[in-house]
Every structure is written in C-alpha cells, then in structure tokens.
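# Descriptive analysis of the structure
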Amino acid sequence: MVKTAASVAVKGLRAWYGGVEALRGVDLEVGAGEIVAIIGPAQAGKSTLMSCLSRLSDEVVGLRVEGSVAVGGEDVFAMRDVAALRRRVGLVAPLPVGLPMSVIDNVTYAPRMAGARKGPELRERAEKCLRAAALWDEVKDRLDQTATRLSGGQQQRLAIARALSHEPEVLCLDEFSIAIDPVTTARIEELLKAMRSQVTIVLVTNLIHQARRLADHTAMMWEGRVIEVQPTAAFFDSPQHELTRGYLEGRFG
Ligand SMILES: Nc1ncnc2c1ncn2[C@@H]1O[C@H](COP(=O)(O)OP(=O)(O)OP(=O)(O)O)[C@@H](O)[C@H]1O
Ligand SMILES: [Mg+2]
C-alpha cells in the first residue's frame, strides 16, 4: 500500500500570516521510515508546519513562507508538480470531512486518477486502505453510500484511508485522535506501528502517551520553533529544555 518512506528535512522555516509570525525558524530532521511526534501548546505553529510539508500553505491567502523543506532530499518549494507532492506527502487534518462521494470512491479516487480501472483489483486496494485505517468492518456493507453520512470519527479514519490510497512516502497526522474514541485510537496506533519503516509519519499530538507509544523521536514546539528533539524515551524521562520540562509538568502551555 505504501511505496518507500522518504526523509524530511526542515531548515530555517519561517511563516507569516500577514503580520503574525507563526514559524520563526523551524529546524527538524526526520529519517526515512521514522515516526516523529510533535507536541506543544496551542498556537505554537504545529499545524502551520504540517501545512508547509505538502505545500498546502500555498492555498492560504496571506501566508508567506521562507526557508526550506526537503522530502527525500528534494526541495519541496521548488517542485513544479504540487499535486504529485501532495500524493507523496499526505496530510490528515484534525477534523477532516469525507469528499461528497461514496465511501469506495473516496479511497479509489487517487488510483482512478492515476489510470486504474474499476474492478476487483481496485476494490482490493480500497479494502487494504480501509483496513489500515481501522474502518473496513464498519463500512464494508455500505461502500456505495455517501461518505458525508459517516460519523465524525469514521470520517477521520476515511481521511487516513484516503491519504494511504495515494501510497504516500510521508504521512502527516494532525491530532488524528481528536474525534475518535480510545479503542479506535488504539487500533489506529497499532496500524501506524505496523506501517513503520514503510512510510515516514509526522504526528502532531498532545497525548503524551500516544507520543510515547508510537514515536521514535519527539519534538517540542514553542512559539514557532522546535526547541527540543530527542529519542522519545529520553525526551520524556530527561527533557533538556526548561520549557519542555515545564510543559510536561503542566506548569504552562
Ligand atoms: N489561517 C490563518 N490565518 C491567520 N492566522 C493563522 C491562521 N492559521 C494559524 N494562524 C496563526 O498562526 C499561529 C500558529 O497557529 P497553528 O495553527 O499553526 O498552531 P498550532 O500549534 O497548530 O495550534 P493548536 O494546538 O491550537 O492547533 C497562531 O498565532 C495562529 O493564530
Ligand atoms: Mg493545530
């Protein structure tokens, strides 16, 4: 379902919404096939950083970006084919909605656009993506119903399935468990773990336990910068930065 994982390298990334400086020089390196968790308080710039990785930032009126992002060593801001970039770098937003088409069309859209014909093979691919997003059992009897009628949590998982249908090299999940119950969250976490090494995962989460369970490295964002990155165990057991310590102890943020 996934091709090859790609590394991600962010250097000196700055972003402004009009006069508001949301990113103030972000540096972050993620190895191919790694899972990195990004934590940090509201407005730290986590979602803005995620939107830059697939250049969704292009679509935001008034947003200006400087610095560099490389995926698999290729300069993202220099790429001409942005649609191709967005297949390589999938982004699942915190509260995504299904495309107004059937469940099956949602997850076969990408391969169909790439020329795949409807048939058993395409259906098999769809099933794989829906299974990987822990959604198959709930939708297998309603594949032809419109996706907008799924529950919030189901639409969240459909967005994950749809991102996977593009066979991404990098999967960015921005607070994916926000609308999902703990049991489903745990199932998706298992599936993400199983995908480790096949796809690079950048995970914005404020669930400390989720970061601990999943991430190889954890990064702390604060006021538009990554102020600390460490292997996950070290990050939580002996944070180096005073702000990270304070945040983890619940003193601020
Ligand atoms: N579309 C927008 N227009 C204007 N300002 C924005 C926009 N999106 C974000 N910002 C501003 O950019 C800064 C960073 O926001 P961002 O959403 O990246 O933070 P975040 O870390 O994801 O926060 P949260 O934890 O609340 O999701 C904030 O000051 C925010 O108000
Ligand atoms: Mg956010």
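In this report, the structure presented in the accompanying data block is examined. (Residues numbered from 1 in each chain as written. Chains lettered and ligands numbered in written order. Predicted model: local features only at pLDDT ≥ 70, side-chain atom pairs only at ≥ 80, totals over all residues. Heavy atoms only, no water.)

### Examining the sheet that holds strand 2 (residues 20-30)
Within a sheet, adjacent strands bond to each other through the backbone by hydrogen bonds, running parallel or antiparallel. The strand order across the open sheet built from four strands is 2-1-4-5, with neighbouring strands paired in antiparallel fashion. This sheet does not close on itself; its edge strands, each paired only once, are strand 2 and strand 5 (74-75). Note: strand 1 (residues 8-17) against strand 2, eight bridges, orientation antiparallel. If you follow Trp-16 over to strand 2, its bridge partner there is Glu-21. Against the sheet, helix 1 (residues 46-53) touches strand 1, strand 2 and strand 4 (63-71), its axis set at about 115° to strand 1. (Pairing = 2+ DSSP bridges. Helix = DSSP H or I, 4+ residues; strand = E, 2+ residues; numbered from the N terminus. Contact = heavy atoms within 4.5 Å. Axes fitted to C-alpha atoms, helices over the stretch in contact; angles between N-to-C directions.)

### Quick notes on the sheet that holds strand 8 (residues 200-204)
Taken in spatial order, the six strands make up an open sheet running 6-7-8-3-9-10, and their pairing is mixed. Each edge of the sheet is formed by a strand with only one pairing partner; in this case those strands are strand 6 (89-92) and strand 10 (225-231). Along the sheet, successive strands turn relative to each other by an average axial angle of 15°, direction set aside. Bridge analysis of strand 9 (residues 217-222) against strand 10 gives six bridges, and the strand direction is antiparallel. Following the sheet pairing, Ala-219 is matched in strand 10 by Val-229. Sheet strands in contact with helix 1 are strand 3 (35-39), strand 6, strand 7 (170-174), strand 8 and strand 9, and its direction is about 155° off that of strand 7.

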